[in-house]
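# Architecture at a glance
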Amino acid sequence: MLELIEAALSRPNLVAFVLLLLWGLYITITHHNYVKKLVGLYIVQTSVIFFLVTTGAKEGATVPVILSGVEAPGAGDYVNPLPQVLTLTAIVVQIATLGVSLGLVSRIYRSFGSLDEDEVLEKLG
Amino acid sequence: MTYSFELPLLALLILTAGGAIIVKELISAVLILGAYSFFLALVWAWLGAADVAFVEAVVGAGLATVFFLLTLSQTSPEDTRIRRPPPPIIAVIALPLLGLLLLYAANDLPAFGDPASPASVHVSPHYIENSLADTRTPNVVTSVLMDYRVLDTLIETVVVFTSGIACWLLLRRDAE
C-alpha cells in the first residue's frame, strides 16, 4: 500500500491527470447547466491530451526541432515527437466538436429559452 | 528535468479547473477556463512540446474562449439554478473507484522522463533520426504532420469543414 502511494506521488503528472479527469467527469454528470457541462467535457479532453504529451517527455532532451548543423541526430537528444503530432490533431478535433456543441446549446436556448437541462426536459413534455 | 517549475504549474492547473466550475457567473467561468488553457500551454512548453503549446495557446485559450463568449452573448450569462439536487449515487461511488484504479496502475507505468520508456524506443527514434534526411525539415513534428501522415491531416480538415457546415445549419436565422 505504502509503495503504491509512493509510486503515485513520484508521478505528479499522473496525479494531476487523474484529478482533472475525475473533476471533469463529475461536472459533466452532476451539473444541470449546458455550458457548465461543456466546460467539464473540455477539462476531460484536455486532461487526456495532457497525459499523452507527458508520456513523450525525456530526461535531458529538448524540443523536437533538429539543431542546425546536426547531420545525424540522436534519438536521446530530442523528446518523442509522435504524441505531440497526435495531440495536435486531437486539439483541432476537440475545438471542432466544441463548436458544434455550442451551436446546439445556442439553438436549444433559441427554442426553449433556457440553458437548464431540467427546464428544457419539462418543456419538451 | 527538475520538479521546481512543475508542481506550482500543476497546482495552478487544478486550481483554475476547480474555479471554472465553482463560480456562478458563466462569463467568469469561461474566462477562468481560458486561464486554465494558458497554464496548460505553459506546462506543455515545459515538457518540450512547443508546437502543442502554441496550438493550445491560440486554439484552446483563444478560439475556445471566443466560441464560449459568442454563445453566452446569445444566451443567458447566469447559471440560473439556485439549489442543486444531490449528485447521483453512481457518480459518488464510481468516480473515486475509477481514480483509485488509475492511480493503482501508476506502478506499472515507466518513470516520468525515462528515455527507455516503451513509447520512446519503438518507432519514434526512426522519425527523429531520419526525418531531416527524408523531408529536409528540421521540425520533426511538422514533417510527421505534413509529410509522413499528411492523409490524416487532410481528413482532419474534412472534420473541421463538416463541423463548420453543422454550425451553419444549426444557427441559420430561418431554421425552424
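Everything here concerns the structure above.
Just so it is clear, the model here is predicted, and its values are computed rather than measured.

### Observations concerning the side chain of Q94 of chain A
- Mapped onto the elements of the fold, Q94 of chain A is located in helix 4 (residues 81-112).
- The contacts of Q94 of chain A, once residues within four sequence positions are left out, are Y42, Q45, T46 and I49 of chain A.

### Focus on the environment of I5 of chain A
- Mapped onto the fold, I5 of chain A is located in helix 1 (residues 2-9).
- Here I5 of chain A falls in the partly exposed class, since its relative accessible area comes to 42%.

### Quick word on a nonpolar patch on the surface
- A contiguous nonpolar surface patch, about 520 Å² in accessible area, is contributed by I89, V92, I93, L97 and L100 of chain B.
- Here L97 of chain B shows up in helix 4 (residues 89-104).

### Description of the interface of chain B and chain A
- Taken together, the 91 residues of chain B in the interface contact 80 residues of chain A.
- In this assembly, chain B packs against chain A so that about 7900 Å² is buried in total across both faces, 73% of it on carbon and sulfur atoms.
- Here chain B is connected to chain A by 14 residue pairs in polar contact (both at pLDDT 80 or more).
- With 14 residues, the single largest contributor to the side of chain B that touches chain A is helix 3 (residues 50-74) of chain B.
- Partitioning the side of chain B that touches chain A into residue classes produces 60 nonpolar, 17 polar and 14 charged.

What counts, and at which threshold
- Residues numbered from 1 in each chain as written.
- Chains lettered and ligands numbered in written order.
- Predicted model: local features only at pLDDT ≥ 70, side-chain atom pairs only at ≥ 80, totals over all residues.
- Heavy atoms only, no water.
- Helix = DSSP H or I, 4+ residues; strand = E, 2+ residues; numbered from the N terminus.
- Contact = heavy atoms within 4.5 Å.
- Buried < 20%, exposed > 50% of the residue type's maximum accessible area, 1.4 Å probe, protein only.
- Patch = residues over 30% accessible without salt bridge, like charges linked within 9 Å, V, L, I, M, F, W, Y side chains within 5 Å.
- Areas by Shrake-Rupley, 256 points an atom, 1.4 Å probe, with all protein chains shown as cover.
- Salt bridge = Lys/Arg side-chain N within 4 Å of Asp/Glu carboxyl O.
- Buried area = accessible area lost by both parts, 1.4 Å probe.
- Polar contact = N/O pair within 3.5 Å; in protein donor to acceptor, adjacent residues only side chain to side chain.
- Nonpolar A, V, L, I, M, F, W, Y, C, P; charged D, E, K, R; others polar.

Everything listed here is a matter of geometry and, on its own, says nothing about what the molecule does.
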